[in-house]
Amino acid sequence: MNNQPCILNGYYLHYKGMPYQLVDLTKDSDTMEDMVTYKALYITEDFGKHMRWSKLKNEFFKDIMLEGKLTPRFTYVSKAVEELKEAMKKVNSKTQLVL
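Note that the structure is predicted; figures quoted are calculated from it, not measured. (Residues numbered from 1 in each chain as written. Predicted model: local features only at pLDDT ≥ 70, side-chain atom pairs only at ≥ 80, totals over all residues. Heavy atoms only, no water.)

## Thoughts on the sheet that holds strand 1 (residues 11-14)
No. 1: Spatially, the 5 strands line up as an open sheet ordered 6-3-2-1-9, and their pairing is antiparallel. Unpaired on one side and paired on the other, strand 6 (52-56) and strand 9 (74-78) mark the two borders of the sheet. Within this sheet the neighbouring strands show an average axis-to-axis angle of 40 degrees, counted without direction.
No. 2: One ladder, built from 7 bridges, connects strand 2 (residues 19-27) with strand 3 (residues 34-40); its direction is antiparallel. Bridge pairing in strand 3 places leucine 22 opposite tyrosine 38.
No. 3: Along the sheet, helix 2 (residues 81-90) makes contact with strand 1, strand 2 and strand 9, crossing strand 1 at roughly 15 degrees. (Pairing = 2+ DSSP bridges. Helix = DSSP H or I, 4+ residues; strand = E, 2+ residues; numbered from the N terminus. Axes fitted to C-alpha atoms, helices over the stretch in contact; angles between N-to-C directions. Contact = heavy atoms within 4.5 Å.)

## Digging into the nonpolar core
No. 1: Within the largest apolar cluster, 11 residues are counted, these being Tyr12, Met18, Tyr20, Leu22, Val36, Tyr38, Ala40, Tyr42, Phe60, Phe61 and Phe74.
No. 2: For this core, the secondary structure elements donating two or more residues are strand 2 and strand 3.
No. 3: With 3 residues, strand 3 is the largest single contributor of residues to this core.
No. 4: Not counting residues up to four positions away in its chain, the partners in contact with phenylalanine 74 are Gln4, Tyr12, Leu13, His14, Tyr20, Tyr38, Lys55 and Phe60.
No. 5: Of all hydrophobic cores here, the second largest spans 7 residues; its members include Tyr11, Leu41, Leu84 and Met88. (Core = buried A, V, L, I, M, F, W, Y, C linked by side-chain atoms within 4.5 Å. Buried < 20%, exposed > 50% of the residue type's maximum accessible area, 1.4 Å probe, protein only.)

## Quick word on the pattern of salt bridges
As a working rule, side chains carrying opposite charge can pair if their charged atoms are close by.
No. 1: Inspection of the entire model under this criterion finds 5 salt bridges.
No. 2: Glutamate 59 is the salt-bridge partner of arginine 73, the closest N and O atoms lying 3.3 Å from each other. Of this pair, arginine 73 sits in the loop between strand 8 (69-72) and strand 9 while glutamate 59 sits in helix 1 (residues 57-60); the two residues are 14 residues apart in sequence, bridging distant segments of the chain.
No. 3: Judged by its relative accessible area of 27%, glutamate 59 falls in the partly exposed class. (Salt bridge = Lys/Arg side-chain N within 4 Å of Asp/Glu carboxyl O.)

## Examining the layout of surface pockets
No. 1: Here the largest pocket is characterised by a volume of approximately 160 Å³.
No. 2: Counting residues per element, the ones that place at least two in the lining of the largest pocket are strand 1 and strand 8.
No. 3: For the lining of the largest pocket, the per-class residue count stands at 5 nonpolar, 4 polar and 1 charged. (1 Å grid on protein atoms, 1.4 Å probe; cavity = no way out; pocket = protein on both sides within 12 Å on 5 of 7 lines; lining within 4 Å. Points joined across faces, edges and corners; volume = space filled by probe spheres on them. Nonpolar A, V, L, I, M, F, W, Y, C, P; charged D, E, K, R; others polar.)

## Topic: the environment of leucine 99
No. 1: Tracing the chain through its elements places leucine 99 in the segment after helix 2.
No. 2: Measuring from C-alpha to C-alpha, the distance between leucine 99 and lysine 49 comes to 9.2 Å, with 50 residues separating the pair along the chain.
No. 3: Every residue in contact with leucine 99, bar those within four places of it in the chain, is listed here: Tyr11, Leu41, Lys49, His50 and Val81.

So this is what it looks like as structure tokens:
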């Protein structure tokens, strides 16, 4: 797990360039492991607008191997929408931001 901040309502970029908002911290009811709930800030044909996802917190903040180097699965950007838009431009994200 990397040392990124866990910021409620903060904006994060997935390593593939898709924008998300971390909306809640929860516990798995069976294992009591820490979980995060995060919201997609885009529309997909399969899931529609603002699909919410849950993932183990340590998996959300886990580094993954990408092109031979460790990369954060999700990278914290900001709590400001304008900074999220700028970060998306920097990674050439083709995803349309939907707030």
